[in-house]
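# Tertiary structure, described
These are the residues of each chain, in order.
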Amino acid sequence: MAAMSERPEAVFSKSPANQPSETGDSIYPAVNNITYLKKQTNGNMNATAPTHSGHLRTIRDHNRGSILRCIDSNPSISRSEITSRVGLTDAAVSRITRELIDAGLVNEGEEIIDNTRPGRRQVGLSINPDGAFILSACLTLFEKRLSLINIAGDVVAKTDLSDLTKFSSDAIVGELGKRARTLIANARVPKARLLGFGVVAAGSIDHGLGLLKAGSIEKLIGLPLRPLIENEFKIPVRLENVGHALNVAESRNNPAAERRSTVLLVHIAMGLGASLVIDGRPHRSDQDERMIGHILVPGASDPCLCGARGCLNTLVSGFAILNRLSGSVITTRSSAPSAAHYDPRALSKTIARANKEERALQALFHEAGLVLGQNLFAVSAAVSPDQIMLAGPVPQVASFASGVMHGMSVNYGRTRLRPPPLHVSHIDYARATELFALDEFLFNLPLRMKQILAG
Ligand SMILES: [Zn+2]
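Here's what I pulled together on the structure shown here.

Calculation notes
Residues numbered from 1 in each chain as written. Predicted model: local features only at pLDDT ≥ 70, side-chain atom pairs only at ≥ 80, totals over all residues. Helix = DSSP H or I, 4+ residues; strand = E, 2+ residues; numbered from the N terminus. Buried ≥ 20, exposed ≤ 12 C-beta atoms within 10 Å, placed from the backbone. Contact = placed C-beta atoms within 7 Å. Core = buried A, V, L, I, M, F, W, Y, C linked by C-beta atoms within 7 Å. Domains from an automatic or database assignment. Pairing = 2+ DSSP bridges. Axes fitted to C-alpha atoms, helices over the stretch in contact; angles between N-to-C directions.

### A word on the overall build of the protein chain
If you tally the helices and strands in the protein chain, you get 15 helices and 14 strands. Relative to its full complement of 455 residues, the protein chain shows a buried share of 46%. Across the protein chain, contacts joining residues at least 24 apart in sequence account for 66% of those joining residues at least 6 apart.

Shown next, in the form of structure tokens:
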């Protein structure tokens, strides 16, 4: 088989569709099931295609989102403070905040003293938590959860989705719909106050068609999730990969000033994924977020699930760590190594053990982190991020993160430059899904004001 570096398309080819790879694995089957998609959506695939980077948004939608974001990050903020932070006129801020208050999305609080405008009455504005609600579904190997959150980001209701993949591909969306309707009914949330439904999965998203082209959960691949869920609920749906969801969720924790930055996030669970967020928005491409796991490591020779040997996956992923622990590295092509060989619970248990001061395990995590850090040098030299974020379950072991730091310092040392600051995210995949959905539907996509007012 040709090396990855020569023919990357051999691993992630888009065509011919459904052609099994040489290894016979089904980890990256390329699916472009347009006929199925058209049948399921009556040919109406792009009817509600999202406005990716805001081309179709009106200026008013944009300003409304900016003001909501400003109020969200600065509770009890005055109108004049919003004016100075957002850079709009007093009149525009007054008009938009009045509209948001009338729609019940924003509350007026106590009168506040504003020293910058003496003599003028100022009232603090805050997000009204129960002014609107958002659904989110996290569909990863590691976590599967359906959540109903309010616009303060609090979880109003949630349900486990671990058994969702037991249903056939045809039945998955119907089942998801049934459970979502139960959550909404039990929480007594009016339909008009539902802003949208965010869905997050690991792999490669076709944003145009709203489906997963490749991913870690086989039954979701090629399933037109966005159009199907939109048909089911008649609300906007966003589909995103885990890396971007984590990165956007983390950027909410950053103060406004730091949103002007480039953040490279690498998340490590059974496999690896990467995301680049620039000024708070994901750098969107339809490329598989898991490509980073197939960087070739010089000298490494273990077989990867892609069919090549010596990929980063074989040394630093949760799968690699479990494989080393079990002492049975799978070497035959007929049984290509796969995350499916392990229950994600085995990884959770190993992480818990490593965190309970098991020295030998900590050393194993450190070694894995070191290899990742050494290889992150090349990525970060190309991208020059202001910050590197490690996320997912594996970096919750401190020795893994210190290994990454060590590996990066060694390689940066040669350049006499300092590596970018490294942070560990403690947001889990399900929470990242909720916060990503909140960010999208409250701040980035146009709000359906007429409908909210009617509700
Ligand atoms: Zn590989």
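Text resumes after the structure shown.
### Let's talk about the environment of asparagine 63
As for its position among the elements, asparagine 63 is in helix H3 (residues 59–73). Counting along the chain gives 23 residues from asparagine 63 to valine 86, while the straight-line C-alpha distance between them is 8.3 Å.

### Description of the environment of isoleucine 427
Along the polypeptide, isoleucine 427 turns up in the loop between strand E14 (422–424) and helix H14 (429–444). Sequence-wise, isoleucine 427 and asparagine 247 are 180 residues apart; in three dimensions their C-alpha atoms are separated by 9.8 Å. With near-sequence residues (within four places) excluded, isoleucine 427 lies in contact with Leu246, Ala249, Glu250, Ala391 and Ala432.

### Description of the nonpolar core
What tends to happen in soluble globular proteins is that the nonpolar side chains get buried as a cluster. In terms of nonpolar packing, the biggest core is built from 115 residues, with Val199, Leu212, Leu225, Val266 and Ala368 touching the most fellow members. Ranked by residues supplied to this core, first place goes to H14 with nine residues. Counting contributing residues per domain, this core is built from domain 1 (59–127) and domain 2 (254–431), each supplying no fewer than three. For valine 266, the contacting residues outside a window of four places in its chain are Leu272, Ala274, Ile292, Leu376 and Leu390.

### Topic: unusual backbone geometry
Positioned with a positive phi, serine 76 is a non-glycine residue whose angle comes to about 65°. In this structure, serine 76 sits in the loop between H3 and helix H4 (79–86). Under the C-beta neighbour-count criterion, serine 76 is labelled partly exposed, with 14 such atoms within 10 Å.

### As for the sheet that holds strand E9 (residues 237–241)
Across the sheet, which stays open at both edges, the five strands sit in the order E5-E4-E3-E6-E9 with mixed pairing between neighbours. Only two strands of the sheet have a single neighbouring strand rather than two, namely strand E5 (155–160) and E9. Averaged over neighbouring strand pairs, the angle between their axes works out to 15° when direction is ignored. Across the sheet, helix H6 (residues 169–187) touches strand E3 (133–139), strand E4 (144–150) and E5, and the angle it forms with E4 is around 35°. The sheet strands contacting helix H8 (residues 242–251) are strand E6 (194–201) and E9, and the helix crosses E9 at an angle near 100°.

### As for H8
Across the ten residues of H8, ten count as buried, placing the element largely inside the fold. By the burial criterion, the buried members of H8 are Val242, Gly243, His244, Ala245, Leu246, Asn247, Val248, Ala249, Glu250 and Ser251.

### A closer look at the sheet that holds strand E13 (residues 387–391)
Across the sheet, five strands lie side by side as E12-E11-E10-E13-E14; this open sheet has mixed pairing. In the strand order of this sheet, the two ends are held by strand E12 (281–282) and E14, each with one partner. Note: strand E11 (residues 272–278) against E12, two bridges, orientation antiparallel. Residue valine 277 lies in a different strand from E12, and its bridge partner there is proline 282. Set on the sheet, helix H12 (residues 359–383) makes contact with strand E10 (262–268), E11 and E13; between it and E10 the angle comes to about 155°.

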